[in-house]
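Results of the structural survey
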Amino acid sequence: MSISSSAVLVELNVSTWGASKLDRDVADSVNISNNAAADASKVYKNLMAGTSLVSDISKYAARIRLYHNEMTLPWSNKGARILPVKMVLDYKAQMNQFRTTYDSMCNKLYNEYTNLIHTAQQSLGALYKASDYPDIEDVKAKYGMRLVFSPLPEAGDFRLDAASDDLRELRAEMEQSYQQDFDDRVGKAVREAWDRLHEELQALSNKLKDEGDTKKRYHDSLLENPQRLCTLLTKLNITNDPQLEQARRDLERALVGVDIEDIKDHAGVRSDVKAQVDDILKKFDW
């Protein structure tokens, strides 16, 4: 099965409103009172002071982007990313849930916008200026969640009439260039999967290092994060790389039967898991 038939491209854009405004008058006053240069400081006002709704939406948007990046692999420097076909249904289901919550939060902001301006006026005091606030329709235009799926392109689809020798040569050059670019992008995606695993192994090894600190704390995420990654890598291994699968299985095996209480209470368990993790780090060419 080719990469083009086992994965799709997905592009996510979640936009938000910063709700901040540069106050040049206040900045000038601060700089003058401190005998500072005119560009020494800048003062930004929180136009939605007194409420966390705008910042909550921004944090939720960041959560959506984080999920998107975790479930996908890079394709271009920005924009579309690779999503394995076997993950599409789960991905879409989660994104639909995200969209419902995101839209609900945005609608709450729109409905309460006038009241929130009054709240901000009380919080900002003399910093308040009615002219700082955009019309509600302009605020709505700043928000949006856009998700676009598209097929991975395949070499050969150039729609070029290659009847003449010159055009045949041009088509061959285009196909060669495309194939190189395609291979480079796939290689970058595979590299990220390896990098995620390597980063997780290094973090686990460092956290399990015995430094004689009896007060060292171990959290559930110590085991949950690598276990979650092992599950993800069964689907993110888009080229079915046997080495990556072996490294994933080795990590999964190292964590079988281990729980966080064992890690907290038994130095021997920590030492054993660390030894297996270190063996994996030594075993593969990262």
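Scroll up to find the structure.
The paragraphs below set out a description of the structure included in this document. Fair warning: this is a prediction, and the values are worked out from it, not measured in the lab.

**What to know about the side chain of Arg196**
Among the secondary structure elements, Arg196 is positioned in helix α6 (residues 165–207). Look at Arg196 and you get buried, because its relative accessible area is 16%. Looking at Arg196, its side chain comes within polar contact range of the main-chain oxygen of Thr72, at 2.7 Å. Look past the residues within four positions of Arg196 in its chain and what remains in contact with it is Asn69, Glu70, Thr72, Leu73, Arg81, Leu229 and Leu236.

**Points about the nonpolar core**
Met48, Leu109 and Tyr143 are the most contacted members of the largest nonpolar core, which has 76 residues in total. With residues up to four places along the chain from it excluded, the contact list for Tyr143 reads Ser15, Thr16, Trp17, Val54, Ile57, Tyr102, Cys106, Leu109 and Tyr110.

**Details of the layout of surface pockets**
One number sums up the size of the largest pocket: a volume of about 270 Å³. Around the largest pocket, the lining residues are Glu70, Arg196, Glu199, Glu200, Ala203, Lys207, Asn225, Arg228, Leu229 and Leu232. Looking at which element gives the most residues to the lining of the largest pocket, the answer is α6, with 5 residues. Residues of the lining of the largest pocket, tallied by class, amount to 3 nonpolar, 1 polar and 6 charged.

**A word on the sheet that holds strand β4 (residues 73–74)**
Pairing in this open sheet of 4 strands is antiparallel, and the strands run β4-β5-β1-β6 from one edge to the other. Every interior strand has two partners, whereas the edge strands, β4 and β6 (144–151), have only one. On the sheet, helix α3 (residues 53–71) packs against β1 (7–15), β5 (81–84) and β6 and is oriented at approximately 165 degrees with respect to β1.

**Some remarks on the packing of helix α7 (residues 221–236) against helix α8 (residues 242–255)**
Direction vectors running N to C along α7 and α8 enclose 145 degrees, while the axes themselves pass 10 Å from each other. As for the relative orientation of α7 and α8, their crossing is left-handed in sense. On α8, the residues that touch Leu223, Pro226, Gln227, Cys230, Leu233 and Thr234 of α7 are Arg248, Leu251, Glu252 and Leu255. Class assignment of the residues belonging to the contact of α7 with α8 gives a composition of 6 nonpolar, 2 polar and 2 charged.

**Overview of the pairing of β1**
Sheet topology note: the β1/β5 ladder contains 4 bridges and is antiparallel. Across the sheet, residue Val10 finds its bridge partner in β5, namely Arg81. Alignment of β1 against β6, held across 8 bridges, turns out to be antiparallel. The residue bridging Val8 from the neighbouring strand is Pro151, located in β6.

Parameters at a glance
- Residues numbered from 1 in each chain as written.
- Predicted model: local features only at pLDDT ≥ 70, side-chain atom pairs only at ≥ 80, totals over all residues.
- Heavy atoms only, no water.
- Helix = DSSP H or I, 4+ residues; strand = E, 2+ residues; numbered from the N terminus.
- Buried < 20%, exposed > 50% of the residue type's maximum accessible area, 1.4 Å probe, protein only.
- Polar contact = N/O pair within 3.5 Å; in protein donor to acceptor, adjacent residues only side chain to side chain.
- Contact = heavy atoms within 4.5 Å.
- Core = buried A, V, L, I, M, F, W, Y, C linked by side-chain atoms within 4.5 Å.
- 1 Å grid on protein atoms, 1.4 Å probe; cavity = no way out; pocket = protein on both sides within 12 Å on 5 of 7 lines; lining within 4 Å.
- Points joined across faces, edges and corners; volume = space filled by probe spheres on them.
- Nonpolar A, V, L, I, M, F, W, Y, C, P; charged D, E, K, R; others polar.
- Pairing = 2+ DSSP bridges.
- Axes fitted to C-alpha atoms, helices over the stretch in contact; angles between N-to-C directions.
- Left-handed = near helix turned anticlockwise from the far one by under 90°.

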